[in-house]
Amino acid sequence: MQISERLQDNIDYMKANLPIGTSFDLMTRDLYLGETKAYFMGVNGFCKTEILQRIFSDLQDPSYMADGHVDDISHYVSAKIGYAQTSLTDSWEIIFRNVLSGPSVLFIDGFAQAVLIDVRTYPTRGIAEPDLERVTRGSRDGFVETLVVNANLIRRRVRSTKLTFAMHSVGSESKTDVCVAYLENTVNKGLLDKLSRTLDSLQVSALTMGAKSLEELLLRKHWWNPLPSMQITERPDVACSYLLEGHILVLVDNSPFVIVLPCTIFQFTQSAEDYYKSPAVSTYFRLVRFLCIPVSLLLMPLFLLAAAYFPDFSQRWGLLSSGDLGPVRLFFYVLTVEFLLDLFKYSSALSSGKFSGSLSMIGGLIIGDIAVSLNWVSVEVLFYGAVTLLASLSITGTEFSDGLRLYRILLIAATGFFGLPGFLTGLALVLLSAATTPTFGGFSYFWPLFPFNAKALGRLLFRSPTPKAQPSSVWDRGKAK
């Protein structure tokens, strides 16, 4: 619907569609530009008051209005408003979307166009290092909940003329700003087109949980695929490194992280810490992280299998200090330790920093010792559980680590109930689930292992020096479906 030339009709329409006069944060003013009536509206807290005061002080200055009338709105805006970004529109939909996003609107009597004045400002917290992606050296900044600030953090690092931020609006009610960032000369055009079409066609009222809600809308997954299909990062340097490799970044307003597309399983084994140490040291710790994946997944199920169903083997290798623990009792011990360690992990993660250290000490020293004394667990099971927890915490991707935890519980349950056949069946189901994990655009989840690319795989396994760290051209991963 288009606006009217009559100012009063536009004011009445605004009042009929917005809670003006009821909602305290909607501010309006009746103005005179010379002898021409005008009407201003904005959201209190979203507008830079000092700049607006200067703009309207100039507009209402008699020296600005030689004849007292506004005759050409386009020329008037170009000549009189020089302190802010402005645009003209005749669409009510565009006006409402912009006003509720931050820009203010100015209606001038006699014109079927409104002036959008972008002097927005958003409340934001300070830029700080993300808790889940800390490094011993390197930058200490991280993404925040304001999209413009996040875009600036990326532009500050990548000052390329090819860097593009394409804006989309998602949510019929929330009208959430979603920005797609890419390099024009390296981006996969098929993936970019598919992403743009998907964002524009999403039928949803609001992105309740920001980028996480968008992630689930972009790619519908089955419950038997717990591994993450999209990588998220809160570090601008990590996001920019993927951007330069041809990836696409998706920034969602009100979310302090970005989505990286496309995604492979090997991306969850990378860490920014690798590039702030020497290549030899980084390669060693990268291989340690790779080793932590099978340790986190298989250590507890293999221990249960060997100790419960192959007692001679467990006695020979010293897996248990005593041989009087039966399969049922061991199975109960393993489940108890899994529950206790998860309880300690999440309680310390979600509690205040003042108490998380205390919770960890209480869990490790007091509760663990009492559990052994009450025969709820054994020392051996507690030890293997602690090693499993350390291996899980060493994996940089928390969502990937949580997915492995579900796989581990499946293997433990299958092993506890059915022994060796159950373990083998559970392992086959885990491999099948991982192999069928979908990705946005239809790219292989196991690239560069499949399809095989030896050079790219070598770059993932071994940290190369900076002159060789990036390929001369973007790796070919196929085309988006």
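Keep in mind that what you see is a predicted model, and the values were worked out from it rather than measured. Here, residues in each chain are numbered from 1, in the same order as that chain's written sequence. Note on the predicted model: pLDDT of at least 70 is required for a residue's local features to be given, and 80 or more for side-chain atom pairs to be given and counted; whole-chain, interface and lining totals, by contrast, use all residues. Only hydrogens and water are set aside when side-chain values are computed; all heavy atoms of the structure are taken into account.

Caption draft 1: Spatial organisation of the pairing of strand E9 (residues 248-252). Here's how the labels work: a residue is buried when its accessible area is under 20% of the maximum for its type, exposed when over 50%, partly exposed in between, all with a 1.4 Å probe on protein chains only. Put simply, DSSP H or I for four residues or longer makes a helix, DSSP E for two residues or longer makes a strand, and each gets a number counted from the N terminus. For E9, the buried fraction is high: 5 of the 5 residues fall into the buried class. Residue alternation in E9 divides its side chains into two sets, Ile248, Val250 and Val252 and Leu249 and Leu251, and both sets are buried. Two strands form a pair only when DSSP identifies at least two bridges running between them. Pairing geometry for strand E7 (residues 176-183) and E9, over 4 bridges, is antiparallel. When the bridges of E9 are listed, Cys179 appears paired with Leu251. Sheet topology places E9 next to strand E10 (residues 258-261); 4 bridges connect them, and they run antiparallel. Across the sheet, residue Leu251 finds its bridge partner in E10, namely Val258. Linking E9 to E10, which pair antiparallel, is a turn of 5 residues; within it Asn254 sits at a positive phi near 75 degrees.

Caption draft 2: Fine view of empty space enclosed by the protein. Note on definitions: the grid is 1 Å and covers protein atoms alone; a cavity is a set of points where a 1.4 Å probe fits but cannot get out; a pocket is an open set with protein on both sides within 12 Å along at least five of seven lines; lining residues have an atom within 4 Å of a point. Grid points are joined across faces, edges and corners, and a volume is the space filled by probe spheres set on the points. Scanning all chains against the criterion turns up 1 cavity of 30 Å³ or more. In this model, the largest cavity occupies a volume close to 90 Å³. Considering the residues around the largest cavity, the lining is formed by Glu338, Leu341, Asp342, Lys345, Gly385, Thr388, Leu389, Ser392, Ser401, Arg405 and Arg408. Taken together, the elements giving at least two residues each to the lining of the largest cavity come down to helix H11 (327-350), helix H13 (379-394) and helix H14 (398-435). Split by residue class, the lining of the largest cavity holds 2 nonpolar, 4 polar and 5 charged. Amino acids are sorted into nonpolar (Ala, Val, Leu, Ile, Met, Phe, Trp, Tyr, Cys and Pro), charged (Asp, Glu, Lys and Arg) and polar (every other residue, Gly among them).

Caption draft 3: Just the packing of helix H9 (residues 279-309) against H13, in detail. Look at H9 against H13: their axes get within 8 Å of each other, and the N-to-C directions meet at 150 degrees. Classified by the angle their axes make, H9 and H13 are roughly antiparallel. Crossing geometry of H9 relative to H13 is assigned as left-handed. Mapping the contact onto sequence places Arg289, Cys292, Val295, Ser296, Leu299, Met300 and Phe303 in H9 and Glu380, Val381, Tyr384, Gly385, Val387, Thr388, Ala391, Ser392 and Ser394 in H13. Looking at the contact of H9 with H13 residue by residue, the classes come out as 9 nonpolar, 5 polar and 2 charged. To obtain an axis, a line is fitted to C-alpha atoms, over the contacting stretch when the element is a helix, and the angle between two such axes runs from 0 to 180 degrees between their N-to-C directions. Under this scheme an angle from 65 to 115 degrees is roughly perpendicular, one under 35 degrees roughly parallel, and one over 145 degrees roughly antiparallel; angles in between are oblique. By definition, turning the near helix anticlockwise from the far helix through less than a right angle yields a left-handed crossing, and turning it clockwise yields a right-handed one. Contacts are residue-level and defined by heavy atoms, with any inter-residue pair within 4.5 Å sufficient.

Caption draft 4: Spotlight on the side chain of Ser104. With respect to the helices, strands and loops of the structure, Ser104 is situated in strand E4 (residues 104-108). Overall, the relative accessible area of 0% leaves Ser104 in the buried class. Non-local contacts of Ser104, meaning those with residues more than four positions away in its chain, are made with Phe40, Met41, Gly42, Cys47, Leu52, Val115, Leu116 and Ile117.

Caption draft 5: Quick peek at the layout of surface pockets. One number sums up the size of the second largest pocket: a volume of about 660 Å³. Contributing elements (two or more residues each) for the lining of the second largest pocket: strand E3 (85-89), helix H4 (92-99), strand E5 (114-118), helix H5 (147-157) and strand E6 (163-170). Sort the elements by how many residues they give to the lining of the second largest pocket and H5 lands first, with 5 residues. In terms of residue class, the lining of the second largest pocket is made up of 9 nonpolar, 11 polar and 6 charged.

Caption draft 6: Seen up close, the packing of H9 against helix H15 (residues 454-461). Where H9 contacts H15, the two axes come as close as 9 Å, and the packing angle between them is 100 degrees. When the axis of H9 is compared with that of H15, the two are roughly perpendicular. Judged by residue contacts, Thr283, Arg286, Leu287 and Phe290 of H9 engage Arg459, Leu460 and Leu461 from H15. Residues that form the contact of H9 with H15 fall into these classes: 4 nonpolar, 1 polar and 2 charged.

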